[in-house]
Amino acid sequence: MRKSLLPSLFLVLFWSVQVFAQDKTVSGKVTSSDDGSVLPGVSVTVKGSTKGTTTNAEGVYSITVPSNATLTFSFIGFVTQQVQVNNRTVIDLQLASDAQELAEAIVVGYGTTSSIKKTGAVGVVNSDKIENTPFTSVDKAIQGRVAGLQSAGGSGQPGSVQNIRIRGIGSMTAGSDPLYVVDGVPINSGDLTRNTTTANALAGINPNDIESVSVLKDAASASIYGSRAANGVILITTKKGKAGKTKVRFDTEIGVANIAYLSDANRPLTSAEWRELTAEGIVNAGIAPDITAAGALVDQNFRTNNGVNTNWLDEVTRTGTQQQYNLSASGGNEKTQFYFSGGYFKQEGTVIESLFNRYTGNMNLTNKITDKLTLKANLMLSSTGQKGPGTGGLFANPVLTAYFLLPSYSPRNADGSPNITGPDFPAGALFNPLAIAQMDKRKTSGMKGISTVALEYQVLKDLKLSSKIGLDYNNYEEDVYNNPFQGDGRNDAGRASRLYTRYFNWVWTNLADYTWDITKNDDYVLNVIAGYEAQKSQQYFSNAVAYGLPANLNIIVPSAGSVYNSAIGSNSDYSFASALAMANFSVQNKYVLSGSFRRDGSSRFGSNTRYGNFWSVGGAWNIHKEAFMTDLTWIDQLKLRASYGVNGNAAIGDYDWQPTYAYGAGFNYLGATGSGPNAVGNVNLTWEENRPLDIGFDATLLRKRLNVTVEWYTRKTTNLLLDEPLSRTTGFTSFKNNIGSLQNQGVEVALSGTPLIIGDFTWDASFNISMNKNKILTLVNNTDQVAGAFIRRVGEDFQSFYVRDWAGVDPQTGAPQWWIDGTRAEKTSTYNSAKQFIVGSATPKAFGSLGSTFSFKGLSLDFLFYYNFGNLVRDSWANYTQSDGYNATFNRVAAQLERWQKPGDITNVPKYVYGGSGASNSLSSRYLYGGDYIRLRDITFGYTLPSNIISKAKLSNVKLYVRGSNIWTWVKDKNLPYDPETYINSSTNLDIYLPKTFTGGLQVAF
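Parameters and conventions
- Residues numbered from 1 in each chain as written.
- Predicted model: local features only at pLDDT ≥ 70, side-chain atom pairs only at ≥ 80, totals over all residues.
- Heavy atoms only, no water.
- Helix = DSSP H or I, 4+ residues; strand = E, 2+ residues; numbered from the N terminus.
- Buried < 20%, exposed > 50% of the residue type's maximum accessible area, 1.4 Å probe, protein only.
- Contact = heavy atoms within 4.5 Å.
- Lys, Arg positive; Asp, Glu negative; His and termini not counted.
- Charge placed at Lys NZ, Arg CZ, Asp CG, Glu CD.
- Domains from an automatic or database assignment.
- 1 Å grid on protein atoms, 1.4 Å probe; cavity = no way out; pocket = protein on both sides within 12 Å on 5 of 7 lines; lining within 4 Å.
- Points joined across faces, edges and corners; volume = space filled by probe spheres on them.
- Nonpolar A, V, L, I, M, F, W, Y, C, P; charged D, E, K, R; others polar.
- Salt bridge = Lys/Arg side-chain N within 4 Å of Asp/Glu carboxyl O.
- Polar contact = N/O pair within 3.5 Å; in protein donor to acceptor, adjacent residues only side chain to side chain.
- Pairing = 2+ DSSP bridges.
- Axes fitted to C-alpha atoms, helices over the stretch in contact; angles between N-to-C directions.

Draft legend 1. Quick peek at the overall build of the protein chain. For the protein chain, the count of helices and strands is 11 helices and 51 strands. A total of 1006 residues make up the protein chain; the buried ones form 52% of that total. Nonlocal contacts in the protein chain, meaning residues at least 24 apart in sequence, comprise 69% of its contacts between residues at least 6 apart. Distance from the positive charge centre (89 side chains) to the negative charge centre (82 side chains) of the protein chain: 6 Å.

This is the structure:
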């Protein structure tokens, strides 16, 4: 027995020595193929075993393995590689960025999807189109970038609010703005201030911190947000760190801003022109027998012979300056990734005392605590400051005074101080805008914070649980001081107001994410996400107003006043509680079926109808995956998709449903506290319901040289929140009820691609067009509702202009004329004899953009044209500036010089009569203009220095560029008085002029 065991022991010993002799220590360095930077934290494992290691801070690894082993190198954001050892002891490796995977990732509600599995209508704008723009907020920067998204702003006030509509106007009285979600947090957006002319909560977010913007346009993509998705959803994803070498980037941009568009027809008159026009009007009114006598009257009463010829428009406008600086650092390893940034932005408006500045800081961290548990946290803070004058009809509005003040008035005294006394500026008259700018104060200080903390636990390979708490915080301090010497504070011996506004919003989201690869080969894959979400937003308001301030321009706070006018405080809140689920099932990546369901409960709706169900179904057919498409090699991707569902609109007042009593000054009696009913309420009040249907076609052709998307959609909104009449015996005239419906229907086309590649020269191009038709379906008793210049009528566009139709001027008499009715067969010179009828709409028939990027080696030229056609624009103040003699003591614009003067004159401007005649300046289509325009929205010329030069300075990228925004505008209607880009309702309001900017910038990365 002992002899038989001995040979066996020798065999085992020999085999062990051989195996040990074959093990080798393999070492090397892992770098990025993009820029050669070292990659710390790369996972290096032996295929088929649990043995492994990671690279150190220098990207170096060392591992002992069998000589015939295969090593697997894996790293987040890079393509995994497998390498056979083959008896080698040194293996250096370069990993390539997983660009394809990153490019296909599309951020959608509560996760991401890919172009293959997408069933909904989603527009994406990446960071390179958003960062380093001269725009104060991201909603301005995405204009023209997404088909179906209308971005319109009528004010050039820096930091102003922007009107965003996705696939038309979806409501008549509730909000029509989309829901904004930042890193998973639904935020309060829009103008949250209460005494500022215009402000924008989104201006507190630095566009340079944004990685991408996803615009969710249909049911399949948006309905998971339930009762707030009717007007679309905009997802903003901020930048995060990637594992690898720490990357530092610095960006700076400085420049100037001027007025983007001025019409020659809307130029204020000079002293000589106004004197001539007014003297003629005096003769026509029969006040003076001839021009000579009339001219003497004008000189006597308006001092037009004093040698003063003030161009008030020049006095109140300026060339503004602009600057921004941004610094960021990002990086990490396999376990921890980080992104830090800081920024400063300042922009002066085109009108005096208009300014916006912003300081921002951002921190984003991801840490893999264990193999299963991951912590994610981000904090974004900003501090903003804004100055801006009044707007519209306020006498403190410098734009109004630029058009209304007579050029014979002097802006300054002989000593250079502002002129604030008679005869030019007596009490009760228009204010001197230079004095108001110098002596009044109007400032808003804002603080914004968005933060999330999330834990993700990988229970199983295919099951992940997550819990996220998000915060959205906004506060505004608004200070207004009106001096006691001139302006709004003159009759009150000076006045000061201080308003404090705070919005605190939290959301808690808990999700389970399960993926089931049924056949283990990606042929049949089901992904299900389900969870619960709770949100509460609280608002806190206080304000104090005091009169009787000291005659000292440095004492501007309410506590210095001798008379307290008001001290008011209030608060409100709203909350949502939601259960949600969404699923996506794909078959061999050919056929994809998706669905979502959300049950929302909201405090904003009646106790009887507080909960609602919202859902969607979607499907996609990836036709290019079919066998019969194999020979069509020029087709890279071909998809047909469709979706339908239900979502809601909860953008109404926090307590509209409640029958309420109110306390306060309006009900107090003889010093005793009083109360009374102030709202009838409606306990059955519920959501506006939106039912969108979308059919889309996506194609990628010619080896990815051409991308085409065509979509047809219709969405019907029912249960509109409208005011229904009540008997006045109730003490109320109406109550809010769910009644009425409207429809939006349209087509979107988007093209992008690379038409030309010749050597180092590349031409990339893009084009999109959106055509939407809006129609009211039902109203309260289907009765017309007239609102100013608009009418709400069944079968018509929500923004239909309903006015008397201007028919020009009688060539024999110079009298104004209107068409009697819509047949336009007969004219009348009597205003009240003409009937009102629909003459057009404020809604454009088409809008979109055309862009290109040309690049050659380090040089690049990038431009984007934005266009808008088919709508009318109303000049709301033309009844003053083009009044034909009404309000005769105000200045006029150059269009009035084309007035009728003698029989036979063919003109559109009636005879000028001092004091007015014939109601020629009354509301009619005379002051409606074609809103068709094309604008060069952005153009950038840049040069990126060669890498072989900058690498000597340890730099990875250096780019110099010059940029222009809004630098050229073509307008079809040459009589259009103001900038064609205005608010959604296409009405002007003497706002600060939109700017055209010229900037130069530098980007440095290392």
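Now, onward.
Draft legend 2. Spotlight on the domain arrangement of the protein chain. Here the protein chain is described as being made up of domain 1 (23-95) and domain 2 (105-241). On a C-alpha basis, the centres of domain 1 and domain 2 stand 42 Å from each other.

Draft legend 3. Region of interest: empty space enclosed by the protein. Scanning all chains against the criterion turns up 13 cavities of 30 Å³ or more. A volume near 210 Å³ is recorded for the largest cavity. Around the largest cavity, the lining is made up of 20 residues, and of these F135, K140, N966, L994 and P995 lie nearest the centre. Taken together, the residues of the lining of the largest cavity break down into five nonpolar, 12 polar and three charged.

Draft legend 4. Representation of the layout of surface pockets. One number sums up the size of the second largest pocket: a volume of about 990 Å³. Taken together, the elements giving at least two residues each to the lining of the second largest pocket come down to β12 (163-166), β13 (179-182), β25 (524-547), β26 (563-587) and β29 (635-649). With three residues, the top contributor of residues to the lining of the second largest pocket is β12. Along the lines of polarity and charge, the residues of the lining of the second largest pocket split into 23 nonpolar, 17 polar and seven charged.

Draft legend 5. Summary view of the side chain of E688. Its place among the elements puts E688 in strand β32 (residues 688-701). With no salt bridge to any partner, buried E688 finds its closest opposite charge in K736, at an N-O distance of 8.0 Å. Only 2.9 Å separates the side chain of E688 from the side chain of S171, close enough to count as a polar contact. A polar side-chain atom of E688 sits 2.8 Å from the main-chain amide nitrogen of L721. Setting aside chain neighbours within four positions, we find E688 in contact with G170, S171, A174, N647, G648, N649, T717, T718, N719, L720 and L721.

Draft legend 6. Representation of the sheet that holds strand β1 (residues 23-32) within the structure. Here we have three strands laid out as an open sheet, ordered β4-β1-β7, and mixed in their pairing. Strands with a single pairing partner mark the edges of an open sheet, and in this sheet they are β4 (60-66) and β7 (93-95). Taking each pair of neighbouring strands and ignoring which way they run, the sheet shows an average axis angle of 40°.

Draft legend 7. Summary view of the sheet that holds strand β2 (residues 43-46). Taken together, four strands build an open sheet; the order of strands is β3-β2-β5-β6 and the sheet is antiparallel. The open sheet terminates on both sides in strands that have one partner only, identified here as β3 (52-54) and β6 (81-84). Averaged over all adjacent pairs, the angle separating strand axes in this sheet is 20°, with direction ignored. Relative to β6, strand β5 (residues 70-74) is paired through four bridges, and the arrangement is antiparallel. From the neighbouring strand, F73 faces β6, where its bridge partner is Q81.

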